[in-house]
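Chains, contacts and geometry: an overview
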Amino acid sequence: MARARCRSPLPGAPAVSMGPRRAVAPLLFVLLGASGFFQSDAVEVDVKDGANATCLYANWMMKFLITYETNSSDYKNTTLNLSSNVTHDGSICGNDTQAALLAVQFGEGHSWSVNFTKTNETYQGDFITFTYNTNDTAVFPDAKRKGTITIVVKDTMQPVQLNNVFVCHNTDFLEAESVTQIFWNVTVQAFVQNGTIGKKESRCHADTPTSAPTVPPTVANVTTASTTTASPAPTTAPKPVENPETGNYSLKSGNKTCLLANVGLQLNVSRDKPLLINVNPKTTSADGACGNTTATLKLNDGNSTLIGFTFVVKNVSKTAQKFYLKEVNVTLLNRLNGSVISNADNSNFSKWDAFLGTSYMCQKEQTLEISENIQIHTFNLWIQPFLVVENKFSTAQECSLDDDDILIPIVVGAALAGLIAIIVLAYIIGRRKSYAGYQTL
């Protein structure tokens, strides 16, 4: 009788046996192991047919970044990772008339699956279905909407020759609605023939080397901050860190623009050594969600830098409302292996506030303290997360930093006003003394 089991690939980890299944059902081996900053698990699935021959094989790593609404109508970002209690119900070998299906279930009611279709020469992924359960209080402690939510997205996997193994070590992102699915170190072969995994690999485009020299993704747009040493100064001064290029980002709700943002972003990461990372607008995509009282802007720079901004609306009087920046989340990933370099979140901001129906502008540099190790420097900021009209920014409320040009006239004017007040006061006192010198006849 066939048996499926779940075990950890880490040395010394205990093996867990699962109950027997009928021989006609597929046999899967699911292996899990902690890896990376988020402790994301590696999954290996070996689907066997009734003859105990492999018909579908996959080994990959994945995790999910999810934005959800809280009971207080705010939006939070959370990370969902695979857990140790993974099951595999519903996987199908597939054939010439039926799609193959790779399915796993994990955690408190979460599941993920992908189906594969084939032609006479190739196979490829078709649709990915991801279901998460907001009743899982460990991941969604204060979710407003309770129950399961399903996201279906078209797989971007390229057609692969039959009998070839598809391999992609680089990180791939699939974004849909409020979910970002992250995959890396992927090895998969559907419609395996004669039970033998192919020896020839078909690499994804991101893994394919180019003739031009490439820069490691974790170093792209990264400048090491200068440090002071006791050695003699070099003959030529080091090139200063340049300010980042300003990006123009927008979100749509239906056919209408609902959020506008112009900003240059620079990250200051201080883990092993200080790093300054300029976000490149040319390789950065924008995603997110608009609402009446909450808006989220997610920026993805080359699948290596993820930054999320959350804006909310507050009442300042019975008739007036303001928006402000409430939360910022930063995730730095290594595109080559999907490992997390740094991750930080701060949901206690109260910055960039302006009256609802206007925009906020600050051209001078500002600093957002995300954590002890991560800061964000903003340049040429102009943001409007609510009530955008005709795809244009509304009247801007400028930050105090931009008022430097009028500080000197104000100070001079105040000084002159003070001097005049002193002169007038001295005159009045002098007049009173002169009157006191006369006697009434």
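Residues numbered from 1 in each chain as written. Predicted model: local features only at pLDDT ≥ 70, side-chain atom pairs only at ≥ 80, totals over all residues. Heavy atoms only, no water.

1. What to know about the environment of Ala-289
Secondary-structure assignment places Ala-289 in strand β21 (residues 284-289). Remark: the alpha-carbon pair of Ala-289 and Thr-310, spanning 21 residues in sequence, is separated by 9.5 Å. Look past the residues within four positions of Ala-289 in its chain and what remains in contact with it is Leu-251, Thr-294, Ala-295 and Thr-296. (Helix = DSSP H or I, 4+ residues; strand = E, 2+ residues; numbered from the N terminus. Contact = heavy atoms within 4.5 Å.)

2. Digging into the environment of Ser-394
Along the polypeptide, Ser-394 turns up in the loop between β29 (374-384) and β30 (396-398). C-alpha of Ser-394 to C-alpha of Ile-383: the two residues are eleven residues apart in sequence and 9.7 Å apart in space. Excluding its chain neighbours within four sequence positions, the residues that come into contact with Ser-394 are Gly-357, Thr-358, Ser-359, Trp-382, Gln-384 and Leu-387.

3. As for unusual backbone geometry
Even without being glycine, Ser-73 reaches a positive phi, approximately 70°. Within the element layout of this structure, Ser-73 appears in the loop between β6 (54-69) and β7 (75-81).

4. Some remarks on the confidence of the model for the protein
Summary statistics for the protein give a mean pLDDT of 78 and a share of 76% for residues scoring 70 or more. Here strand β2 (residues 15-21) stands out as the element of the protein with the lowest mean pLDDT, 29, in contrast to strand β27 (residues 359-362), whose mean of 96 is the highest. Taken together, the stretch residues 1-39 has pLDDT below 50 and engages in 88 contacts with residues farther than four places along the chain or on a different chain. Segment residues 210-239 is flagged for pLDDT under 50; beyond a separation of four residues in sequence, or across chains, it makes 21 contacts in the model. (pLDDT = per-residue confidence, 0-100.)

5. Focus on the side chain of Gln-105
Position of Gln-105 relative to the elements: it lies in strand β8 (residues 100-106). Of the polar contacts made by the side chain of Gln-105, one reaches the backbone nitrogen of Asp-89; its length is 2.9 Å. Dropping the residues within four chain positions of it, Gln-105 is found in contact with Asn-85, Val-86, Thr-87, His-88, Asp-89, His-110 and Ser-111. (Polar contact = N/O pair within 3.5 Å; in protein donor to acceptor, adjacent residues only side chain to side chain.)

6. Concerning empty space enclosed by the protein
Applying the stated criterion across every chain yields a total of one cavity of 30 Å³ or more. The volume enclosed by the largest cavity comes to roughly 50 Å³. As for the largest cavity, its lining consists of Ala-261, Val-263, Leu-265, Leu-297, Phe-309, Phe-311, Trp-352, Leu-381 and Ile-383. Looking at the lining of the largest cavity, the elements that each hand over two or more residues are β19 (256-270), β23 (305-315) and β29. Ranked by the residues each element gives to the lining of the largest cavity, the list is headed by β19, at three residues. Of the residues contributing to the lining of the largest cavity, the split by class is nine nonpolar, no polar and no charged. (1 Å grid on protein atoms, 1.4 Å probe; cavity = no way out; pocket = protein on both sides within 12 Å on 5 of 7 lines; lining within 4 Å. Points joined across faces, edges and corners; volume = space filled by probe spheres on them. Nonpolar A, V, L, I, M, F, W, Y, C, P; charged D, E, K, R; others polar.)

7. What to know about a nonpolar patch on the surface
Residues Ile-420, Val-424, Tyr-427 and Ile-428 make up a contiguous nonpolar surface patch of about 390 Å² in total accessible area. Note on placement: Ile-420 falls in helix α1 (residues 407-436). (Patch = residues over 30% accessible without salt bridge, like charges linked within 9 Å, V, L, I, M, F, W, Y side chains within 5 Å. Areas by Shrake-Rupley, 256 points an atom, 1.4 Å probe, with all protein chains shown as cover. Salt bridge = Lys/Arg side-chain N within 4 Å of Asp/Glu carboxyl O.)

8. Here's the deal with the state of the cysteines
Taken as a whole and assessed by the stated rule, the structure comprises four disulfides. Here Cys-168 connects covalently by a disulfide to Cys-204, the sulfurs 2.1 Å from one another. On the sign convention where negative is left-handed, the bridge of Cys-168 and Cys-204, at about 75° about the S-S bond, is right-handed. Of this pair, Cys-168 sits in strand β13 (residues 165-168) while Cys-204 sits in the loop between β16 (201-203) and β17 (222-224), and the two are 36 residues apart along the sequence. In this structure, Cys-168 and Cys-204 share a single accessibility class: buried. Each bonded cysteine in the protein gets a number by its place in the sequence, and the pairs come out as 1-2, 3-4, 5-6, 7-8. (Disulfide = S-S within 2.5 Å. Buried < 20%, exposed > 50% of the residue type's maximum accessible area, 1.4 Å probe, protein only.)

9. Thoughts on the pairing of β21
Successive side chains on a regular strand alternate, one facing one side of the sheet and the next facing the other. Bridging between β21 and strand β22 (residues 294-301) involves six bridges; their strand directions are antiparallel. Bridge assignment links Ser-285 to a residue of β22, and that residue is Asn-300. Hairpin remark: β21 followed by β22, antiparallel, with four residues in the connecting loop. (Pairing = 2+ DSSP bridges.)

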